[in-house]
Amino acid sequence: MCGICGFTGYRQDQKTVIERMMKAIEHRGPDSEGSFCREKITLGFRRLSIIDLEDGQQPMESADGNLHIVFNGEIYDYKELRAELETFGISFCTHSDTEVLVNTLQQYGEKALDKLRGMFGFAVWNEKEQTLMLARDFFGIKPVYYAEIDGHFVFASEIKSILAFPGYERKVNQKALEQYLSFQYSPLEETFFKGIYKLMPGHMLLYKNGSYEIKTYFKPKLTPGQWNHKTNMAQLRSQLSEILKDSVKHHMLSDVEVGAFLSGGVDSGYLASSSGADQAFTVGFDEGDRYSEVNKAAKVAEKAGLKHHVKIISKQEFWDALPDVMYHMDEPLGDASAVALYFLSKEAAGHVKVVLSGEGADELFGGY
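A. Structural view of the overall build of the protein. Assigned secondary structure in the protein consists of 11 helices and 16 strands. In terms of C-alpha radius of gyration, the protein reaches 22 Å, essentially the compact-globule figure of 21 Å for 368 residues. Per-residue burial over the protein gives 46% buried out of 368 residues. Across the protein, contacts joining residues at least 24 apart in sequence account for 60% of those joining residues at least 6 apart. For the protein, the accessible area works out to roughly 19,300 Å², and carbon and sulfur atoms hold 51% of it. Across the protein, the 40 positively charged side chains and the 52 negatively charged ones have centroids separated by 3 Å.

Encoded structure:
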C-alpha cells in the first residue's frame, strides 16, 4: 500500500502544502517519500516498497520525460508489458512496475488501461498536453478521491490528505448520510465530506484547462453463452482451478515476503494453502468459539504447513480501537468486520509487508 496526492495550479507554498498532504497519509507508505513541483502541477508520494526496493522511487517519469506519475498498487502483468515496450525501443532504468506503467501510458494513452492487469490508483501529468489523468482499477481495490478547492483540482488516496489542503471548508454531506442510514454505507460518488468525491471503480478522469471529464473504461459482463451446455461439472472445476492458480501466481509477484490472511472459511483457506506463503494470520474474539474461527484456521494452517499467528481481540480492545478504525476508513461503514481486519492487519504488519486475502470472493461466487 502506497499513498498518492497532489493538486493543479501554482501556489507560493506548493512545497509546504504537498508535504502536509503527504504527512496525512504517511501510514500508507512509511519507507520513503517524494514530490514533483512545477508551475501548474504538484505531485506527492508515500512509498511502501514491494517491487524493486532500491530504484522504484516516485514520482517517476516516462522515458521521454513527458509523463510524470504517482502510483499506488501493483501491475501484475508488468513483465509482459515491459517486453512489449522494449520491442518499440523503449529502454528502462529500473525493474519496477511503475516505470512500465508510465511508459505504457506514454505509448498507448488511454487505451493503456485495457492492457493493465492489477490493482491501482494513479495520477499522471502530461507535460506537453498540460493534462492530469486519474484512474482506478476495475474493482476499486485502490482508492482515489478528488475535489475542486479555490481553483485547484486536488486528489489523494485518502480524504484526510485532501482535508490538509488549505481552503477546504469541512461540511457534512447529507446525501451520503441518508444512504448510510439505509444501507450501512454510501454507494454514491459523493463522500460524507461535501465537495469531495471518489473516483469510481473502472473509471478514469481527465483534467484539462480548469475542467474535467470522467469516463468508464471497464464494465464487468456476464457471458453465460460462452459456456457450452455440454460442459460437465468436472470440466468447470478444472477451468476454475486453473484460473485461480494463475491469479494467485500473479498476485504473489513481490520482492518482499507475502503472507496470507486466514479465517476458517473456504475462500482464505484455499488461497492461503495454494499461494506458497510461509506465514498466515488469524484473529478471533474473546468470546469462546461462538464468534471465533481460530480452531478451524489452525487446522488449515497445519495442513498447509503455514506458520500460524493468532491475535485474540478482547472486548476492551475492540471498543478502544474504534476511533482509530474510523480515522483510517475516512468514512462511516456499518460493518463490524472492519475492526477485526484492523487488528488482523496490525498483527500481520509485525511480520510481513504484503498479504493475500480472500476478500471479494463472496461477491464473485454468490457467497451471500
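Now that the structure has been shown, we can carry on.
B. Summary view of the nonpolar core. Within the largest apolar cluster, 25 residues are counted, with the highest numbers of intra-cluster contacts made by Ile-69, Leu-105, Leu-113, Phe-120 and Phe-122. Breaking this core down by element, the ones donating at least two residues are strand 5 (67–75), helix 2 (78–86), helix 3 (97–108), strand 6 (118–126) and strand 7 (131–136). Excluding residues that lie within four positions of it along the chain, Phe-120 makes contacts with Phe-71, Asn-72, Gly-73, Ile-75, Leu-113, Ala-135, Arg-136, Asp-137, Phe-138, Lys-142 and Tyr-217.

C. Broad picture of helix 10 (residues 337–349). Between the first and last C-alpha of helix 10 there are 18 Å, a value that for 13 residues agrees with the 18 Å anticipated at 1.5 Å per step. Taken together, the buried positions of helix 10 are occupied by Ala-338, Val-339, Ala-340, Tyr-342, Phe-343, Leu-344 and Ala-348. For helix 10, the secondary structure elements touched by its buried residues are strand 13 (258–261), strand 14 (279–285), strand 15 (307–313), helix 9 (315–329) and strand 16 (354–356).

D. Geometry of the pattern of salt bridges. Tallied over the entire structure, the rule returns 14 salt bridges. Among the ionic pairs, Arg-11 bridges to Asp-13, the shortest N-O distance being 2.8 Å. Using a relative accessible area of 18% as the deciding quantity, one classes Arg-11 as buried. What emerges from the salt-bridge pattern is a single network uniting Arg-28, Glu-158, Lys-160 and Asp-330.

E. Structural detail: the packing of aromatic side chains. This structure, assessed with the given rule, holds 16 aromatic pairs. Summarising the aromatic geometry, the rings of Phe-120 and Phe-122 are spaced 5.7 Å apart at their centres and angled 35 degrees between planes, so their arrangement reads as tilted. Given a relative accessible area of 0%, Phe-120 falls into the buried group. With a relative accessible area of 0%, Phe-122 lands in the buried category. Consider the rings of Phe-153 and Tyr-212, whose centres lie 5.6 Å apart with planes at 55 degrees: the pair is tilted. With Phe-153 in strand 9 (residues 152–156) and Tyr-212 in strand 12 (residues 211–216), the pair connects residues that are 59 residues apart, well separated along the chain. Owing to a relative accessible area of 0%, Phe-153 belongs among the buried residues under this scheme. Grouping aromatic residues by their ring pairs yields a cluster made of Phe-120, Phe-122, Phe-138, Phe-139, Tyr-217 and Phe-218.

F. Representation of the sheet that holds strand 8 (residues 145–149). What the six strands build is an open sheet, ordered 2-3-1-9-8-10; its pairing is antiparallel. Bordering the open sheet on either side are strand 2 (32–37) and strand 10 (196–198), each of which pairs with just one other strand. The mean angle between the axes of side-by-side strands here comes to 15 degrees, regardless of whether they run parallel or antiparallel. Pairing of strand 8 with strand 10, which is carried by three bridges, proceeds in the antiparallel orientation. When the bridges of strand 10 are listed, Tyr-146 appears paired with Tyr-197.

Rules and cut-offs
- Residues numbered from 1 in each chain as written.
- Predicted model: local features only at pLDDT ≥ 70, side-chain atom pairs only at ≥ 80, totals over all residues.
- Heavy atoms only, no water.
- Helix = DSSP H or I, 4+ residues; strand = E, 2+ residues; numbered from the N terminus.
- Rg over C-alpha atoms; globule rule 2.2 N^0.38 Å.
- Buried < 20%, exposed > 50% of the residue type's maximum accessible area, 1.4 Å probe, protein only.
- Contact = heavy atoms within 4.5 Å.
- Areas by Shrake-Rupley, 256 points an atom, 1.4 Å probe, with all protein chains shown as cover.
- Lys, Arg positive; Asp, Glu negative; His and termini not counted.
- Charge placed at Lys NZ, Arg CZ, Asp CG, Glu CD.
- Core = buried A, V, L, I, M, F, W, Y, C linked by side-chain atoms within 4.5 Å.
- Expected span 1.5 Å × (residues − 1).
- Salt bridge = Lys/Arg side-chain N within 4 Å of Asp/Glu carboxyl O.
- Phe/Tyr/Trp six-rings, centres within 6.5 Å; stacked < 30°, edge-to-face > 60°.
- Pairing = 2+ DSSP bridges.
- Axes fitted to C-alpha atoms, helices over the stretch in contact; angles between N-to-C directions.

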